[in-house]
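Coordinate inspection notes
Below, each chain spelled out in residue letters.
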Amino acid sequence: MAIEIGMRELRNSTSKVLRAVETGQDVFLTNHGIRVAKISPIAHVGTDWTQHFDKLMADLPFVETGFAQFHLDDNQSSIEIEEAARV
Amino acid sequence: MSEAAVLFGTGVDEFSGYLLDTSAVLALTERRNEQLILLIREADQPPIGSMVVLGELAHGLAASPTNAIRIQRQATVSFYKRLVRMPDQYPWMSIAARYGDASAAATAGGLRLGMNDRWVVAECVTFGAILVTCDEIQARLEGIYENSTVFIDQPTE
């Protein structure tokens with residue numbers, strides 16, 4: 001779902017808007033309810049990409065939540081269910 | 001061109017790069033796999049996003065056993081959304097066609113490959129992306145289907 005904000009909301013919630021754009025969302029700026037501009041994520045390429053990736057890794061908390069094992073087990077269960085359904 | 005591609009279309013042009021399977025995303029976020037970090041870092045552009053991978057991450061998040069783990073897994077989902085680039089329009093018609101081909105190839109090749117893994121391969125073929133996976137069986141689909149793959153050996157335990 002696209003995000004639409006008015007000019008006043010953009011002024012008051014700039015950080016929130018930028019966070020949304022950083023996660024890949026387009027934000028439409030409206031004037032009296034009519035879309036007049038779009039704020040979109042930029043494409044990181046070349047050295048800009050390397051810097052962006054390094055920052056992403058640096059910001060990522062170092063955790064082990066069992067996510068990989070969960071994914072593996074879930075995948076295996078799905079295969080077994082699908083195979084059983086075929087019999 | 002396969003019959004399915006003729007029926008549904010051939011895909012998306014000029015949208016190439018790596019596409020990380022969920023196993024690779026988790027090897028990156030929870031294991032800091034060095035081979036993977038190097039591979040992605042040295043690419044000239046961000047990996048391509050996958051709706052299937054995002055869905056699998058969302059599943060892991062929703063199934064978190066504790067609130068503390070839920071918060072930590074949320075960081076993984078946020079990381080993924082900031083890492084990848086997504087097409088403006090999700091080419092579901094082409095991906096559906098490619099799924100048909102990939103799934104048939106997997107079955108014919110006797111690979112024990114889950115449906116989601118087949119969908120990820122279909123996304124890769126549509127985008128012209130190189131699949132990066134820690135799943136040896138998924139990587140073997142390369143041998144029987146027209147798809148480039150990088151296999152990252154990351155033990156789960």
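Throughout what follows, the structure given in this document is the object of discussion. Here the structure is a predicted model, which is why all the values come from computation and not from measurement.

**Comments concerning the pairing of strand S2 (residues 129-133) of chain B**
Residues and elements named next belong to chain B. Counting buried positions along S2 yields 5 of 5 residues, so the element is predominantly enclosed. Of the two faces of S2, the one holding Ala129, Leu131 and Thr133 and the one holding Ile130 and Val132 are both buried throughout. As defined by bridge partners, strand S1 (residues 17-20) adjoins S2 across 4 bridges and the pair is classed as parallel. By the bridge assignment for S2, Tyr18 is matched with Ile130.

**Quick word on the sheet that holds strand S1 (residues 3-6) of chain A**
All names here are of chain A. Spatially, 3 strands are ordered S1-S2-S3 in an open sheet, and the strand pairing comes out mixed. Bordering the open sheet on either side are S1 and strand S3 (34-39), each of which pairs with just one other strand. Averaged over all adjacent pairs, the angle separating strand axes in this sheet is 35°, with direction ignored. Where strand S2 (residues 27-31) and S3 come together, 5 bridges link them in antiparallel fashion. Looking at S3, one finds that Asn31 is bridged to Ile34. Its contacts with the sheet put helix H2 (residues 14-22) on S1, S2 and S3, and the angle it makes with S2 is roughly 140°.

**Side note on the packing of helix H6 (residues 92-108) of chain B against helix H7 (residues 115-127) of chain B**
Residues and elements named next belong to chain B. One can describe the packing of H6 onto H7 by two numbers: an axis separation of 8 Å at closest approach and a directional angle of 125°. The orientation of H6 with respect to H7, classified from their angle, is oblique. Where H6 crosses over H7, the two elements pack in a sense that is right-handed. Here Ser94, Ile95, Arg98, Tyr99, Ala102, Ser103 and Ala106 of H6 lie close against H7, whose contacting residues are Arg118, Trp119, Val121, Ala122, Glu123, Val125 and Thr126. By residue class, the composition of the contact of H6 with H7 is 8 nonpolar, 3 polar and 3 charged.

Definitions and limits used
Residues numbered from 1 in each chain as written. Chains lettered and ligands numbered in written order. Predicted model: local features only at pLDDT ≥ 70, side-chain atom pairs only at ≥ 80, totals over all residues. Buried ≥ 20, exposed ≤ 12 C-beta atoms within 10 Å, placed from the backbone. Helix = DSSP H or I, 4+ residues; strand = E, 2+ residues; numbered from the N terminus. Pairing = 2+ DSSP bridges. Axes fitted to C-alpha atoms, helices over the stretch in contact; angles between N-to-C directions. Contact = placed C-beta atoms within 7 Å. Parallel < 35°, antiparallel > 145°, perpendicular 65-115°, else oblique. Left-handed = near helix turned anticlockwise from the far one by under 90°. Nonpolar A, V, L, I, M, F, W, Y, C, P; charged D, E, K, R; others polar.

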